[in-house]
Amino acid sequence: MAKTKNAQDGLEADVVIVGGGHAGCTMAAILAANGVSVICIDQDDPAATLKHAFDGRTTAISFGSRRVIGDAGAWDDLEDDACPIRDIRITESGSPTLLKFLTEEVRSPALGWIVENRLLRLSLYKRLAALPKARHIAPAKVGGFEQYQDCVSVLLEDGRTARGQIVIGADGRASFTRQSMEIETRGWSYKQRAIVCVVTHENPHENVAIEDFRSAGPFAILPMMDDEEGRHRSSVVWTEHGTERESALHWDEEVFNIALNERFPDFYGHVRLSGKRFSYPLTLIHAHDYIGDRMALVADAAHGIHPIAGQGLNLGLRDIAVLSRLLIDAKKRGQDLGAPELLQEYKRQRMLDNMTMAGATDSLNKLFSNDIGPVRMLRTLGLSMVQQIPPARRFFMKQAMGIGGLSGLKK
Ligand SMILES: Cc1cc2nc3c(=O)[nH]c(=O)nc-3n(C[C@H](O)[C@H](O)[C@H](O)COP(=O)(O)OP(=O)(O)OC[C@H]3O[C@@H](n4cnc5c(N)ncnc54)[C@H](O)[C@@H]3O)c2cc1C
């Protein structure tokens, strides 16, 4: 049975968010900017997360996600570093372009933007520090929860307690919050890993993003802004399978550079690795439920998908758009932010979209990481058909941009 409110003094806010990755910080900033007080707790030291060595990834931000980051007040600071994508090309093992999407076909300045993860984090941290209704506590690890009738206490391992009407779990794929809520998950390993790195190249990338489907998995080239010395840069997501020992992560740098030059189209000129290579195991995970008593899961804590379509965070930001709107409206009306009806409404609005995208990326990966002759023929035919049919092409473009009918965002 739920206890009554703990009299012990602690940190108090309307909402407590566990996990201050991109998802948790974005949500905290949106809530705090709209009159909802929030505490966002993360176990990592912010100074460490801003170093290049922490996370070499970039994220493809869809048009819809840019709007959510804008609502958090973190886009303006990022804009100059966000590289617009104006042309997306789909190829197969270095083939000529099979499918092409161009900005001119949609009324938008770009099909999406590539941002460096650490710069997105920096912008969000700055924003949280400037919002009087936000409190960012990091590093601090959450180690438990206590349920009360009208609130939840979040127990920090350093002995502090943070209390809110509702707790949001934004603590990633291995979510401690999800485990504490005793919510089961479904999922599997793709037995693939993504090697991520930044490269410099002789010629400008012309804002082209390329996804080259290979039997080991997709090889993506994503345009970045030039560095301070004016060097042209792109980010690479190189999917591979096989043993860790054979991984391209450990190849001699010269061998790796030769392989990069073989995989990059000629128009980039000479290509070289710049900095460290990072490796991420690829898995699918989906929580059976997103909600519990005064608790909800968002983003990777609720669903982690294959990065084949660059949609993981974009999907999480759609959760955040929906749940933030429900919480802000409830606060304005003076209602309980942890009310079961509010939580049910969040789940109703988000589960189908997330399951659809998880299924779609899983099927895409199966379809394209397959070298069986007839399958290869069929997918080449399918891609050519989509290329020939403008409404079909526009449909796929809108999904990728996060403004399609399935996206869950208001247009
Ligand atoms: C190779 C690769 C490429 C990708 N590319 C794209 C892309 O182009 N576009 C896209 O949209 N998505 C992409 N993604 C997916 C995207 O990176 C994730 O969806 C996103 O990082 C999830 O953010 P999050 O905040 O939910 O989780 P996380 O980034 O995992 O953050 C969770 C946070 O919670 C903290 N935490 C965990 N437990 C506790 C605890 N007990 N107490 C306190 N804090 C805790 C962690 O330290 C962490 O800071 C890619 C993923 C990979 C692997």
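Reading the values: the criteria
Residues numbered from 1 in each chain as written. Predicted model: local features only at pLDDT ≥ 70, side-chain atom pairs only at ≥ 80, totals over all residues. Pairing = 2+ DSSP bridges. Helix = DSSP H or I, 4+ residues; strand = E, 2+ residues; numbered from the N terminus. Near = placed C-beta within 6 Å. Nonpolar A, V, L, I, M, F, W, Y, C, P; charged D, E, K, R; others polar. Buried ≥ 20, exposed ≤ 12 C-beta atoms within 10 Å, placed from the backbone. Axes fitted to C-alpha atoms, helices over the stretch in contact; angles between N-to-C directions. Parallel < 35°, antiparallel > 145°, perpendicular 65-115°, else oblique. Left-handed = near helix turned anticlockwise from the far one by under 90°. Contact = placed C-beta atoms within 7 Å. Core = buried A, V, L, I, M, F, W, Y, C linked by C-beta atoms within 7 Å.

Regarding the sheet that holds strand S19 (residues 291-292)
- Reading across the sheet, the 6 strands line up as S9-S3-S2-S13-S20-S19 and stay open at both edges, with mixed pairing between neighbours. At either margin of the open sheet sits one strand with a lone partner, and together these are strand S9 (134-137) and S19.
- Where strand S2 (residues 15-18) lies against strand S3 (residues 38-41), 4 bridges are found, and the strand directions are parallel. If you follow Val16 over to S3, its bridge partner there is Ile39.

Quick word on the site of the ligand
- Contacts to the ligand come from 33 residues, most closely from Gly19, Gly21, Gly172, Ala299 and Gly312.
- Among the secondary structure elements, those contributing two or more residues to the shell around the ligand are helix H1 (22-33), strand S4 (58-61), strand S14 (185-201) and helix H7 (312-332).
- Per element, the largest residue contribution to the shell around the ligand is 4 residues, and it comes from H7.
- Considering only residue class, the shell around the ligand consists of 14 nonpolar, 13 polar and 6 charged.

Let's talk about the pairing of strand S7 (residues 99-102)
- Covered by surrounding structure in S7 are Leu99 and Phe101 only, the residues Lys100 and Leu102 on the alternate face being uncovered.
- Linkage of strand S6 (residues 87-92) to S7, two consecutive antiparallel strands, is achieved through a turn of 6 residues, within which Ser93 is found at a positive phi near 45°.

Notes on the packing of helix H3 (residues 63-71) against H7
- Two elements in contact, H3 and H7, have axes separated by 9 Å at closest approach and are oriented at 50°. Judged by the angle between their axes, H3 and H7 are oblique. Handedness of the H3/H7 crossing: left-handed. Counted together, Gly64, Ser65 and Val68 of H3 and Asn314, Leu317, Arg318, Ile320 and Ala321 of H7 form the full contact between these two elements.
- Taken together, the residues that form the contact of H3 with H7 break down as 4 nonpolar, 3 polar and 1 charged.

Structural notes on the sheet that holds strand S10 (residues 142-147)
- Reading across the sheet, the 4 strands line up as S1-S12-S11-S10 and stay open at both edges, with mixed pairing between neighbours. Here the strands that pair on one side only, and so sit at the sheet edges, are strand S1 (11-12) and S10.
- For S10 and strand S11 (residues 152-156), the ladder comprises 5 bridges, and the chain directions are antiparallel. Looking at S11, one finds that Glu146 is bridged to Ser153.

Considerations on the environment of Gly159
- Relative to the helices and strands, Gly159 is located in the loop between S11 and strand S12 (161-164).
- Classification of Gly159 as exposed rests on a count of 7 C-beta atoms within 10 Å.
- Taking the C-alpha atoms as reference, Gly159 lies 9.8 Å from Val142; in sequence the two are 17 residues apart.

As for the nonpolar core
- Val15, Ile17, Ala28, Val38, Ala296 and Val298 are the most contacted members of the largest nonpolar core, which has 97 residues in total.
- Setting aside residues no more than four positions away along its own chain, Val15 makes contact with Leu31, Val36, Val38, Gly164, Ile166, Ile168, Leu327 and Leu337.
- Core analysis: the next-biggest nonpolar cluster, separate from the first, contains 6 residues, Leu284, Ile305, Leu315 and Met357 among them.

Some thoughts on the packing of H1 against helix H4 (residues 117-130)
- Where H1 contacts H4, the axes come no closer than 10 Å and their chain directions differ by 30°. Here H4 runs roughly parallel to H1, going by the angle between their axes. Crossing of H1 over H4 shows left-handed handedness. On H4, the residues that touch His22, Cys25, Thr26, Ala28 and Ala29 of H1 are Leu120, Arg121, Leu124, Tyr125, Arg127 and Leu128.

Remarks on the environment of Ser62
- Note that Ser62 resides in the loop between S4 and H3.
- Sequence-wise, Ser62 and Gln311 are 249 residues apart; in three dimensions their C-alpha atoms are separated by 8.2 Å.

Functional significance is not addressed by these values, which are geometric in nature.
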